[in-house]
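Read off the chains here:
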Amino acid sequence: MSIAQPDLSVFETLESEVRSYCRGWPVVFDRAQGSRMHDEDGHRYLDFFAGAGSLNYGHNNPVLKRALIDYLLRDGVTHGLDMSTVAKRSFLETFQDLVLRPRGLPYKVMFPGPTGTNAVESALKLARKVKGREAIVSFTNAFHGMSLGSLAVTGNAFKRAGAGIPLVHGTPMPFDNYFDGQIPDFLWFERLLEDQGSGLNKPAAVIVETVQGEGGINVARPEWLRALKALCERQDMLLIVDDIQMGCGRTGAFFSFEEAGIMPDVVTVSKSISGYGLPMSLCLFKPELDVWEPGEHNGTFRGNNPAFVTAAAALETYWADGSAMEKQTRARGEQVEQGLISITEENLADVKEYRGRGLVWGMEFHEKARAERIARRAFELGLLIETSGPESEVVKLLPALTVTPEELDEGLSILARAVRETV
């Protein structure tokens, strides 16, 4: 694809150096629909990034867009803090009827603010309030957000360094298969908990991603998650599952922990919960943990009513018929896996491993710098993919759940070509 040099001057001179995604995709995007984005010069791109997982139902999903337009045209409330509104009531009732009740989940729903890190901060604060302890255990290669509390339980050294101050009250433990199966699960963790001389303060909670997205698409086994839940119960710690990127159907089931058959004490949800890319997050927790005083945790933009509208429409459209969406995602995931198997077989000396669940997949290469070259070449060929992992060593595939089989084949074909052409 031949791409003319776009006018990026205002971004380069006025916008902060902190910008990142735009550096890998140096065009000016103008329109988007479904799994396609278009730049201002008319070039078309297949999107396997999906707003970092915020667009599970694609760009400008027509059903969700119609619901949003209708709401705005009738002058529905846009900004409501935590006031009761028709839009919020509709979302809560729909979420309860289509998500919580069918899964036997008794959770209370908290609207902590518009972003994922807001949800994590509220979960950490609640755990500390409930247990009366400060320490939180997280896992190697975890990512939970960019505010200070979330960074304290994030593993990436580069992101942690951006805090500029010591990040305290967080302790990392090995994620599943961190030692390549050579050490029994939780041996170190439980030994520290039981040893009065270990120096580990009794944690209030453990926070975990069932699939570490930013950490390199590291997939926790169901049995590992079950053992973690049992450990938390034995040691009087809350289990927080961060489902911000992997929830809302990304791994197949609506919540990523369903496959393991566990019920976390607290769950954080964001990204695709609005269904349309609008800012929205939830902190879900068991009723007995609802010890908040009114106004003890708040935020000006926790009442984003347009997001409630699109969220309810997304649930009604994609989750009202039981397991249909889950089955489709698993089928699409099998298609991606077959594509990655073919790429691996063609490049046996180069590919270290591929891994994933549902519609989140990663491909790691022996040469760590290879992933960024592949992502760059894929962009030149019309495919948007990002990298992940502590050294950006994993090519990450995160297409919309509504992607068609034909679009998946097209994207996998472009990826295969990008791998071949970046040896």
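Keep in mind the model is a prediction, meaning the values are calculated, not measured.

Cut-offs and rules
- Residues numbered from 1 in each chain as written.
- Predicted model: local features only at pLDDT ≥ 70, side-chain atom pairs only at ≥ 80, totals over all residues.
- Heavy atoms only, no water.
- Patch = residues over 30% accessible without salt bridge, like charges linked within 9 Å, V, L, I, M, F, W, Y side chains within 5 Å.
- Areas by Shrake-Rupley, 256 points an atom, 1.4 Å probe, with all protein chains shown as cover.
- Salt bridge = Lys/Arg side-chain N within 4 Å of Asp/Glu carboxyl O.
- Buried < 20%, exposed > 50% of the residue type's maximum accessible area, 1.4 Å probe, protein only.
- Pairing = 2+ DSSP bridges.
- Helix = DSSP H or I, 4+ residues; strand = E, 2+ residues; numbered from the N terminus.
- Axes fitted to C-alpha atoms, helices over the stretch in contact; angles between N-to-C directions.
- Disulfide = S-S within 2.5 Å.
- 1 Å grid on protein atoms, 1.4 Å probe; cavity = no way out; pocket = protein on both sides within 12 Å on 5 of 7 lines; lining within 4 Å.
- Points joined across faces, edges and corners; volume = space filled by probe spheres on them.
- Nonpolar A, V, L, I, M, F, W, Y, C, P; charged D, E, K, R; others polar.
- Core = buried A, V, L, I, M, F, W, Y, C linked by side-chain atoms within 4.5 Å.
- Contact = heavy atoms within 4.5 Å.
- Phe/Tyr/Trp six-rings, centres within 6.5 Å; stacked < 30°, edge-to-face > 60°.
- Parallel < 35°, antiparallel > 145°, perpendicular 65-115°, else oblique.
- Left-handed = near helix turned anticlockwise from the far one by under 90°.

Caption draft 1: View of a nonpolar patch on the surface. A grouping of Y178, F179, I183 and L187 is seen on the molecular surface, where their side chains present a nonpolar patch of about 360 Å² in accessible area. A relative accessible area of 39% places F179 in the partly exposed class.

Caption draft 2: Summary view of the sheet that holds strand β4 (residues 108-110). Read from one edge of the open sheet, seven strands run β4-β12-β11-β10-β7-β5-β6, paired in mixed fashion. The outermost strands of the open sheet, each flanked by one partner alone, are β4 and β6 (170-173). Strand-to-strand twist across the sheet, computed as the mean angle between neighbouring axes with direction ignored, equals 25°. Strand direction decides the pairing type here: β4 and strand β12 (residues 282-285), joined by three bridges, are antiparallel. Residue pairing for β12: M110 is matched across the bridge by C283.

Caption draft 3: The arrangement of the state of the cysteines in detail. Applying the stated criterion across every chain, the model contains zero disulfides. Cysteine C283 is unpaired, with the sulfur of C248 as its nearest cysteine sulfur at 14 Å. Judged by its relative accessible area of 0%, C283 falls in the buried class.

Caption draft 4: Region of interest: empty space enclosed by the protein. Inspection of every chain in the model, using the stated rule, returns two cavities of 30 Å³ or more. What the largest cavity holds in volume is close to 70 Å³. Lining the largest cavity we find N141, A142, F143, G155, N156, K159, E214, G215, G389 and P390. For the lining of the largest cavity, the per-class residue count stands at three nonpolar, five polar and two charged. Approximately 30 Å³ is the volume attributed to the second largest cavity. Taken together, F111, G113, P279, M280, S281, F301, R302, N304 and F308 form the lining of the second largest cavity.

Caption draft 5: Representation of the pairing of β12. Burial along β12 is two-sided: the residues L282 and L284 and C283 and F285 are all buried. Of the strand pairs in this sheet, strand β11 (residues 266-269) and β12 are connected by four bridges, and their pairing is antiparallel. Each bridged residue has a counterpart across the sheet, and for V269 the counterpart in β12 is L282.

Caption draft 6: Spotlight on the nonpolar core. Counting residues in each nonpolar core, the largest one holds 84 residues, and the members touching the most others are F91, F95, F255, L397 and L415. No other element matches the eight residues that helix α11 (residues 305-318) contributes to this core. When sequence neighbours within four positions are dropped, the list of residues in contact with L415 reads L340, I343, I374, L383, I385, V395 and L397. One finds I244, C283, F285 and L289 within the second-largest nonpolar core, a separate group that totals 19 residues.

Caption draft 7: Examining the environment of V423 more closely. With respect to the helices and strands, the residue V423 is situated in the segment after α14 (405-420). On the basis of relative accessibility, which here comes to 73%, the residue V423 falls in the exposed class. Sequence separation between V423 and V395 is 28 residues; the distance between their C-alpha atoms is 15 Å.

Caption draft 8: Molecular detail of the environment of E345. Residue placement: E345 occurs in helix α12 (residues 324-346). Taking the C-alpha atoms as reference points, E345 and F29, 316 residues apart in sequence, are found 35 Å from one another.

Caption draft 9: Focus on the packing of aromatic side chains. Here the structure, examined in full by the defined rule, presents 19 aromatic pairs. Summarising the aromatic geometry, the rings of F254 and W319 are spaced 5.1 Å apart at their centres and angled 85° between planes, so their arrangement reads as edge-to-face. Pair noted here: F254 is in the loop between β10 (238-242) and β11 and W319 is in the loop between α11 and α12, with a separation of 65 residues, a long-range link. Each member of the pair F254 and W319 is classed as buried. Through a chain of ring-to-ring contacts, three or more aromatic side chains come together here, namely F91, F95, F111, F254, F255, F257, F308 and W319.

Caption draft 10: Local environment of the packing of helix α5 (residues 86-100) against α11. It is at 8 Å that the axes of α5 and α11 come closest, and there the two elements cross at 30°. Between α5 and α11, the angle is such that the two are roughly parallel. The handedness of the crossing between α5 and α11 comes out as left-handed. In this structure, α5 contributes A87, K88, S90, F91, T94, F95, L98 and V99 to the contact, and α11 contributes N305, F308, V309, A311, A312, L315 and E316. Tallied by class, the residues present in the contact of α5 with α11 amount to ten nonpolar, three polar and two charged.

Caption draft 11: Examining the layout of surface pockets more closely. As a volume, the largest pocket reaches approximately 1,500 Å³. Surrounding the largest pocket, 45 residues form its lining, S20, Y21, K159, E214 and E386 being those nearest its centre. Of all elements in the fold, only α2 (21-24), α6 (116-131), α8 (157-161), α13 (370-380) and β16 (386-388) reach the threshold of two or more residues within the lining of the largest pocket. Class assignment of the residues belonging to the lining of the largest pocket gives a composition of 17 nonpolar, 18 polar and ten charged. In this structure, the second largest pocket is lined by 20 residues; those nearest its centre are N177, N218, E353, R355 and E364. Partitioned by chemical class, the residues of the lining of the second largest pocket number four nonpolar, seven polar and nine charged.

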